[in-house]
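# Architecture and fold: a report
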Amino acid sequence: MLGLGIGVHNNAYAGGWTPADLSGLVVWYRFNTGIIKAGASTLAADGEDVGRWTDKSGVGNNAVKTSDHPSYDAAKKSVFFDSTAETLDIPQLTLGTFSMYARVKFTASITSADILMQDGTTSNNFWRVQSTTGIRCKIGGAATAINYTLHSSNILEEDIFYNMGLERDGDSKMYSYLNGTANGSPVTVDVESKSFLVDSLHGGKDVMISEVVITTNSLSSAERALLDTWLTSETEE
């Protein structure tokens, strides 16, 4: 039974903190929870196509797909995106201030094809891995790319889970995070005129995603630390 997407957690939190305690929570695709087989209402088994990842935020922003499905990996209890065509559609998000986190594992070569989030209909709205040492995003239709170099000379490797984050605060400062630590300095992207449009959990090519959390505000340092520990504790290594 543990091979199904049924929500078996390694919750190490005294006091019971979860991402549901974050204000402005609009997406929570929880580890090994609500991962539904394509064309069915049953939980996906190992290798089966995923048609829905049920949102646990309470908002109802389920990630769904009717074709080109990712699959369920029972060993890692994650959603596996085998090619760039495999995505999950989410209801349109228009984000001013925001935080966006994903627990991600690369199973093959890490390239700019590993797009984590994007808007499939409006160009220049994406968040992706640019290389083994860098993150790139474009926000609000702006053609100019925003680039971050991973902190502490980190190099992304295959077969390791990472907590990857992107945030913008009320002062229009945008930050990239790896495992809870900022990648370099923030970049200013006007929060009033440059909304980040997102309608697709893109995954990437040969990428596993075990959990996703999105809020409509940036996080405090305490919240960020709690979320980083939560994501790490929930993953099946």
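Residues numbered from 1 in each chain as written. Predicted model: local features only at pLDDT ≥ 70, side-chain atom pairs only at ≥ 80, totals over all residues. Heavy atoms only, no water.

## Structural notes on the overall build of the chain
- Each helix and strand in the chain was counted, giving 1 helix and 18 strands.
- For 237 residues, the compact-globule estimate of 2.2 N^0.38 gives 18 Å, and the chain sits close to it at 16 Å.
- When the backbone C-alpha atoms are referred to their principal axes, the chain occupies close to 45 × 40 × 35 Å.
- Across the 237 residues of the chain, 52% fall into the buried class.
- Excluding contacts between residues fewer than 6 apart, the proportion of contacts in the chain whose partners are at least 24 apart in sequence is 66%.
- The chain carries 17 positive and 28 negative side-chain charges, and their two centres are separated by 2 Å. (Helix = DSSP H or I, 4+ residues; strand = E, 2+ residues; numbered from the N terminus. Rg over C-alpha atoms; globule rule 2.2 N^0.38 Å. Buried < 20%, exposed > 50% of the residue type's maximum accessible area, 1.4 Å probe, protein only. Contact = heavy atoms within 4.5 Å. Lys, Arg positive; Asp, Glu negative; His and termini not counted. Charge placed at Lys NZ, Arg CZ, Asp CG, Glu CD.)

## Let's talk about the confidence of the model for the chain
- Confidence along the chain averages 93 in pLDDT terms, with 93% of residues attaining 70 or more.
- Low pLDDT, under 50, characterises residues 1–12; the predicted model gives this stretch 37 contacts beyond four residues in sequence or across chains. (pLDDT = per-residue confidence, 0-100.)

## Brief notes about the pattern of salt bridges
- Counted according to the given criterion, the structure contains 4 salt bridges.
- The closest approach of N and O atoms between Glu234 and Arg30, which form a salt bridge, is 3.5 Å. Residue Glu234 is found in helix H1 (residues 221–234), and its partner Arg30 is found in the loop between strand E1 (25–29) and strand E2 (35–37); the two are separated by 204 residues along the sequence. The exposure classification of Glu234 matches that of Arg30, with both residues buried.
- Of the charged contacts in the structure, one is a salt bridge between Glu48 and Lys37, with a shortest N-O distance of 3.5 Å. (Salt bridge = Lys/Arg side-chain N within 4 Å of Asp/Glu carboxyl O.)

## Concerning the packing of aromatic side chains
- Going through the model one piece at a time under the given rule, you end up with 7 aromatic pairs.
- Seen in terms of ring centroids, Tyr175 and Tyr177 are 6.1 Å apart; in terms of plane orientation they differ by 25°. Their pairing is stacked.
- Exposure remark for Tyr177: the relative accessible area of 7% places this residue in the buried category.
- Grouping aromatic residues by their ring pairs yields a cluster made of Trp17, Trp28 and Trp230. (Phe/Tyr/Trp six-rings, centres within 6.5 Å; stacked < 30°, edge-to-face > 60°.)

## Remarks on H1
- The terminal C-alpha atoms of H1 lie 20 Å apart, and with 14 residues this matches the ideal 20 Å at 1.5 Å per residue to within 8%.
- Of all the positions in H1, only Arg224, Leu227, Asp228, Trp230, Leu231, Ser233 and Glu234 are classed as buried.
- Each element contacted by the buried residues of H1 is listed here: E1, strand E8 (98–106), strand E13 (161–168), strand E14 (173–178) and strand E18 (207–215). (Expected span 1.5 Å × (residues − 1).)

## Quick look at the environment of Lys105
- Along the chain, Lys105 turns up in strand E8.
- Sequence separation of Lys105 and Ile209 is 104 residues, and the distance between their C-alpha atoms is 6.5 Å.
- If we skip the residues at most four places from it in the chain, Lys105 touches Lys76, Asp159, Ile160, Phe161, Asp206, Val207 and Met208.

## Quick look at the environment of Tyr177
- Mapped onto the fold, Tyr177 is located in strand E14.
- Taking the C-alpha atoms as reference, Tyr177 lies 9.9 Å from Met100; in sequence the two are 77 residues apart.
- A polar contact of 3.4 Å, which involves the side chain of Tyr177, links it to the side chain of Arg224. (Polar contact = N/O pair within 3.5 Å; in protein donor to acceptor, adjacent residues only side chain to side chain.)

## Let's talk about unusual backbone geometry
- In this structure, Asn32 is a non-glycine residue whose phi angle is positive, near 55°.
- Note that Asn32 resides in the loop between E1 and E2.
- Here Asn32 falls in the buried class, since its relative accessible area comes to 0%.
- For Asn124, which is not glycine, the phi torsion reads 60° and is therefore positive.
- By the secondary structure assignment, Asn124 is in the loop between strand E9 (115–118) and strand E10 (126–131).
- You can call Asn124 partly exposed: its relative accessible area is 22%.

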